[in-house]
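For reference, the chains in residue letters:
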Amino acid sequence: MHAVVRRFRTTIVEGRFVSLFASLGIIGMRGAMFLWGNKPPVTFSDSSFLWRYIAPFFTDPLISLIASTLSVFLIAWIISAMNSRFNLIRSRSNLPFVAPLFLLSLHPWFLMMSGDYIAILFILLAFFPLLRSYQNPAAYLFSFRVGILIAVASLFQVFALTLVPLWWRGEQSMRGSQFRAFLSSLFGVFLVYVSLISVCLFLDDGAAFLQPFLSFSAISLPAIPGFSLQEWGTVALVALFFISNMILSIKTYGRDKVLTLTLMQFVVFMIVFLLLLQVVYWIQTVFFLTLGIALISYLNAYFYTKTVSTTNVYLAYTMVGLMMLIYLSHFPPFQRLLP
């Protein structure tokens, strides 16, 4: 093993205190952007059943920052716990925890607490019953739990319902097509929404139930924006980041155990469709992009944990440097230095 790769693995991938130092660094990054960076530029239309009632508790920017930071740490912890629970990366690695922390702290959008974070937490939890159902004859029990978790996620972000048909792709890959399991997942969704309808009827507020569904009709394909050269460069770098990491990860996980291979194929499938849905609902929400970043962070963690190539290690350093440039571009002093 080359010295560069060995140093990368011992100091970053397997370093004892890397998670602690990374956590402190991410808190510092988010705090610095909150104090001196650009404030979150937009708010999105209400597309949830419950978030509208919770949102007033986070109107204070500092409370919103603290809540969003805790949410990002929970997302990273769930991804790391999933990796450890199912031994997906068969070696010690800090990256499943560190990668989502870093990628979800690069833009002012991620400083705002929103229903997206709560929905993503439930969606990530849905991976646990999905993975437990691998080659399990009682798969319908796990599908039922997945249906409930995704339905609860949709109460905070109704666009989470788009994952129900996408999720069946993962269900099929884990144990093949089982009609009973499919019905069980739909029944889980049905139970949550029957309870929701009952509450709305009890409160005599049918509009509260129907309004979030109208968000699905608000398709907002983006026009070609009038970006500056710097902004187009950023878009190109982000696109290159997503595409290159998916391609490199595919070449790596193809030689791993079947469970890991199956999960990774499903994650890539999800990321592709999430990015397409983000384009379709460009103005309405960043839910699809945020979930996509959380998932691709695991692809990054897997690839850079497994790599033994010096080229890939240098690529990792380069990508971190480019991501830091994107982060710094949201600070006014650095904006004045850029063309």
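Everything here concerns the structure above.
What comes next is a walk through the structure. (Residues numbered from 1 in each chain as written. Predicted model: local features only at pLDDT ≥ 70, side-chain atom pairs only at ≥ 80, totals over all residues. Heavy atoms only, no water.)

Looking only at helices and strands, the protein has 16 helices and zero strands in total. Looking at the protein residue by residue over its 339 residues, the buried ones come to 50%. At a minimum sequence separation of 6, the contacts of the protein that also span at least 24 residues come to 83%. Accessible area of the protein: about 16100 Å², with a carbon and sulfur share of 72%. (Helix = DSSP H or I, 4+ residues; strand = E, 2+ residues; numbered from the N terminus. Buried < 20%, exposed > 50% of the residue type's maximum accessible area, 1.4 Å probe, protein only. Contact = heavy atoms within 4.5 Å. Areas by Shrake-Rupley, 256 points an atom, 1.4 Å probe, with all protein chains shown as cover.)

For helix H10 (residues 179–202), built from 24 residues, the straight-helix expectation of 34 Å at 1.5 Å per residue is met to within 8% by its first-to-last C-alpha distance of 34 Å. Along H10, the positions that sit buried rather than exposed are Ala-181, Ser-184, Ser-185, Gly-188, Val-189, Val-192, Tyr-193, Leu-196 and Cys-200. Two residues or fewer past H10, Asp-204 is found with a positive phi of approximately 55°. (Expected span 1.5 Å × (residues − 1).)

Attention shifts here to the pattern of salt bridges. Considering all chains together, one arrives at one salt bridge under this definition. With its nearest N and O atoms 3.4 Å apart, the salt bridge here joins Arg-9 to Glu-14. Exposure remark for Glu-14: the relative accessible area of 29% places this residue in the partly exposed category. (Salt bridge = Lys/Arg side-chain N within 4 Å of Asp/Glu carboxyl O.)

Considering the arrangement of structural elements, one finds Ala-119 in helix H6 (residues 115–125). Beyond its immediate sequence surroundings of up to four residues, Ala-119 is in contact with Ala-153, Phe-156, Gln-157 and Phe-287.

Let's shift gears to helix H5 (residues 95–103). Among the nine residues of H5, nine are classified as buried, and the element is accordingly described as predominantly covered. Every buried residue of H5 is accounted for by Leu-95, Pro-96, Phe-97, Val-98, Ala-99, Pro-100, Leu-101, Phe-102 and Leu-103.

Attention shifts here to the packing of helix H1 (residues 3–13) against helix H14 (residues 287–306). Remark: H1 packs on H14, axes separated minimally by 10 Å, with the N-to-C direction vectors making an angle of 135°. Comparing the axis directions of H1 and H14 gives the class oblique. Facing H1, whose interface residues are Phe-8, Arg-9 and Val-13, H14 presents Tyr-304, Thr-305 and Lys-306. For the contact of H1 with H14, the per-class residue count stands at three nonpolar, one polar and two charged. (Axes fitted to C-alpha atoms, helices over the stretch in contact; angles between N-to-C directions. Parallel < 35°, antiparallel > 145°, perpendicular 65-115°, else oblique. Nonpolar A, V, L, I, M, F, W, Y, C, P; charged D, E, K, R; others polar.)

With that out of the way, let us pick up the environment of Leu-155. If you trace the backbone, Leu-155 turns up in helix H8 (residues 139–156). What makes Leu-155 buried here is its relative accessible area of 11%. Through-space distance from the C-alpha of Leu-155 to that of Leu-196 is 8.9 Å; in sequence the pair is 41 residues apart.

The next point concerns the packing of helix H9 (residues 163–175) against helix H13 (residues 258–280). Packing of H9 against H13 brings their axes to within 9 Å, and their N-to-C directions diverge by 165°. One element, H9, and the other, H13, form an angle in the roughly antiparallel class. Judged by the twist between their axes, the crossing of H9 over H13 is right-handed. Residue-level contacts link Leu-163, Leu-166, Trp-167, Arg-169, Gly-170, Ser-173 and Met-174 of H9 to Leu-259, Thr-262, Leu-263, Phe-266, Phe-269, Met-270, Phe-273, Leu-274 and Leu-277 of H13. The residue inventory of the contact of H9 with H13, partitioned by class, reads 12 nonpolar, three polar and one charged. (Left-handed = near helix turned anticlockwise from the far one by under 90°.)

A cluster of nonpolar side chains, Phe-17, Leu-20, Phe-21, Leu-24 and Ile-27, forms an exposed patch at the surface whose accessible area comes to about 540 Å². Of note, Phe-21 is situated in helix H2 (residues 18–36). (Patch = residues over 30% accessible without salt bridge, like charges linked within 9 Å, V, L, I, M, F, W, Y side chains within 5 Å.)

For the rest of this paragraph, the subject is the packing of aromatic side chains. Across all of its chains, the model carries 27 aromatic pairs by this definition. These aromatic residues form a ring-pair network of at least three members: Phe-127, Trp-167, Phe-266, Phe-269 and Phe-273. In this structure, Arg-85 packs its charged tip against the face of Phe-86, placed 4.8 Å from the ring centre. We note Arg-169 situated over the ring of Phe-269; from NZ or CZ to the ring centre the distance is 5.6 Å. (Phe/Tyr/Trp six-rings, centres within 6.5 Å; stacked < 30°, edge-to-face > 60°. Lys NZ or Arg CZ within 6 Å of the ring centre and 35° of its normal.)

Formed by 101 residues in total, the largest nonpolar core has its most connected members in Ile-75, Phe-127, Trp-167, Tyr-193, Leu-263, Phe-287 and Leu-295. By residue number, the principal contributor to this core is H14, which donates 13 residues. Beyond its immediate sequence surroundings of up to four residues, Tyr-193 is in contact with Phe-49, Ala-151, Ser-154, Leu-155, Leu-161, Phe-209 and Phe-213. (Core = buried A, V, L, I, M, F, W, Y, C linked by side-chain atoms within 4.5 Å.)

What follows is about unusual backbone geometry. Even without a glycine there, the phi angle at Asn-87 is positive, about 50°. The residue Asn-87 is located in the loop between helix H4 (61–85) and H5 in this model. Overall, Asn-87 belongs to the partly exposed group, its relative accessible area being 40%.

Looking at the element boundaries, Ser-329 is found in the loop between helix H15 (310–328) and helix H16 (332–337). For Ser-329, a relative accessible area of 9% gives the class buried. In terms of polar contacts, Ser-329 uses its side chain to reach the backbone carbonyl oxygen of Ile-326, at 2.5 Å. (Polar contact = N/O pair within 3.5 Å; in protein donor to acceptor, adjacent residues only side chain to side chain.)

Tracing the backbone shows Thr-285 in the loop between H13 and H14. Thr-285 sits in the buried class, given a relative accessible area of 1%. Along the backbone, Thr-285 and Asp-46 are 239 residues apart, and their C-alpha atoms lie at a distance of 9.1 Å.

The values are spatial; any link to function lies outside them.
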